[in-house]
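# A look at the structure
Residues per chain are reported as follows:
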Amino acid sequence: MTNIDKLRNCELFLFDMDGTLYLGDDVYEGAIALMEDLPRLGKKYIYLTNNSSRAGVDYITRLRRLGFPCEAENVFTSGMATGLYLNQHFPGAKVYLAGTKAFYRELKSYGIDLVNDEQGHTDVFDVDVVVQGFDTELVYEKLDKAVHFLRRGAKFIAANPDWVCPMPAGEVLPDCGSICALLTASSGVKPEFIGKPNRNMIDVIAASTGIPNEKICAVGDRLYTDIAVAQNAGSVSVLVLSGETNQMMVDEAARKPDLVLPSVKELHELLRG
Ligand SMILES: [Mg+2]
């Protein structure tokens, strides 16, 4: 089977957002037309993000404001993946969450037994799992509690491995991976990361949709997250050159994407045949 056949054989498409469908508030040419056409082509789609500071509903609002079709089932964040992962691997576990209020409510919606309140307060002495997110509402008490629980043997799960979150004008925010490095330095415990490039991100989607990994295609602009997650999970990968990766970086990469396209407009043309 050629790579184009593999692509057309896929039933579910996972789309990175920034650098793939839009940049900031600028929607790329053909991006909305592709998303609107996918159901007619018999394809399902999910907008996929490693950002665990916002809830799925926040993305629905943003995507619709930009003009994209989006229902609740079309958004998947590393925070949601963490909820599913906890239910699959640690059912009924007592969990301490160090994350935003949005992540807190997201995990509650998956029925996770959180021992702390939205601010990170708890009087509990032991938990089964510590979950760390991209916590833009970080306070010292959360670090203190997380280290306490990890030193007492709690499992360490982190929503996403990113060191930094890119911002406009070349600025960055310290992200979940950097917070975890602090917790590891203090506790000696390393986290299991859920988000891209960990195959967990696709495995939980495959388990919840019933679509096998090889019929899932990840589309994105970053080799080391969007493409790597597909390669790690045995899924199909499409790199678009509309974001942070250029052709020279592809040429130098040890593992190549299944397809490299200028933008999602060309992906639409390939799927239409
Ligand atoms: Mg991107």
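Here the structure is a predicted model, which is why all the values come from computation and not from measurement. (Residues numbered from 1 in each chain as written. Predicted model: local features only at pLDDT ≥ 70, side-chain atom pairs only at ≥ 80, totals over all residues. Heavy atoms only, no water.)

## A closer look at the packing of aromatic side chains
A complete count under the given rule lists four aromatic pairs for this structure. Note on Y22 and F68: the rings are 6.1 Å apart at their centroids and 55° apart in plane angle, and the pair reads as tilted. One end of the pair, Y22, is in strand β2 (residues 22–23); the other, F68, is in the loop between α3 (56–66) and β5 (75–77), with 46 residues separating them in the sequence. A residue is classified by how much of its surface remains accessible, and Y22, at 1% relative accessible area, is buried. Taking the centre distance of 5.6 Å and the plane angle of 75° together, the rings of Y45 and Y47 count as edge-to-face. (Phe/Tyr/Trp six-rings, centres within 6.5 Å; stacked < 30°, edge-to-face > 60°. Helix = DSSP H or I, 4+ residues; strand = E, 2+ residues; numbered from the N terminus. Buried < 20%, exposed > 50% of the residue type's maximum accessible area, 1.4 Å probe, protein only.)

## Section: helix α8 (residues 200–209)
Buried within α8 are the following residues: N200, M201, I202, V204, I205 and A206. One or two steps after α8, the chain reaches G210, where phi turns positive at roughly 80°.

## Section: the pairing of strand β4 (residues 44–49)
Strand residues, when the strand is regular, have side chains that alternate between the two faces of the sheet. Burial analysis of β4 places five of its six residues in the buried class, which makes it a mostly covered element. In the sheet, strand β1 (residues 12–15) pairs with β4 via four bridges, with the strands oriented parallel. Considered in β4, the bridge of F13 is made with Y45. In this fold, β4 hands off to α3, which returns the chain to β5; that crossover is right-handed. (Pairing = 2+ DSSP bridges. Right-handed = clockwise from strand over helix to strand, strands pointing away.)

## So, the sheet that holds strand β13 (residues 216–220)
A sheet is described by the order of its strands in space; here six strands give the open sequence β5-β4-β1-β13-β14-β15, paired in parallel fashion. For this open sheet the edge positions go to β5 and β15 (259–261), each flanked by a neighbour on one side alone. Ignoring which end each strand starts from, the neighbouring axes of this sheet average 25° apart. Inspection of the sheet shows strand β14 (residues 236–240) paired to β15 by three bridges, in the parallel sense. Bridge pairing in β15 places L239 opposite V260. Against the sheet, α3 makes contact with β4 and β5, and its axis sits at roughly 135° relative to β5, the strand it touches most. (Axes fitted to C-alpha atoms, helices over the stretch in contact; angles between N-to-C directions. Contact = heavy atoms within 4.5 Å.)

## Looking at the coordination of the magnesium ion
In the first shell of the magnesium ion, the protein supplies D16 (OD), D18 (O) and D221 (OD), at 2.1 to 2.2 Å from the metal. When the donor residues of the magnesium ion are listed from N- to C-terminus, their spacing reads D-x1-D-x202-D. Residue D18 is found in the loop between β1 and β2, and its partner D221 is found in the loop between β13 and α9 (223–233); the two are separated by 203 residues along the sequence. (Donors = N, O, S within 2.8 Å, 3.2 Å for Na, K, Ca; no water.)

## Details of the domain arrangement of the protein
As far as domains go, the protein holds domain 1 (3–50 + 197–272) and domain 2 (79–193). Summarising the inter-unit geometry, the C-alpha centres of domain 1 and domain 2 are found 28 Å apart. Taken residue by residue, the interface counts nine residues in domain 1 and 10 residues in domain 2. Both sides of the domain 1 and domain 2 interface together cover about 790 Å² of buried area, and 52% of this is carbon and sulfur. Among the residues domain 1 hides against domain 2, the three largest losses belong to N50, N200 and V204. Together they make up 55% of the total. (Domains from an automatic or database assignment. Buried area = accessible area lost by both parts, 1.4 Å probe.)

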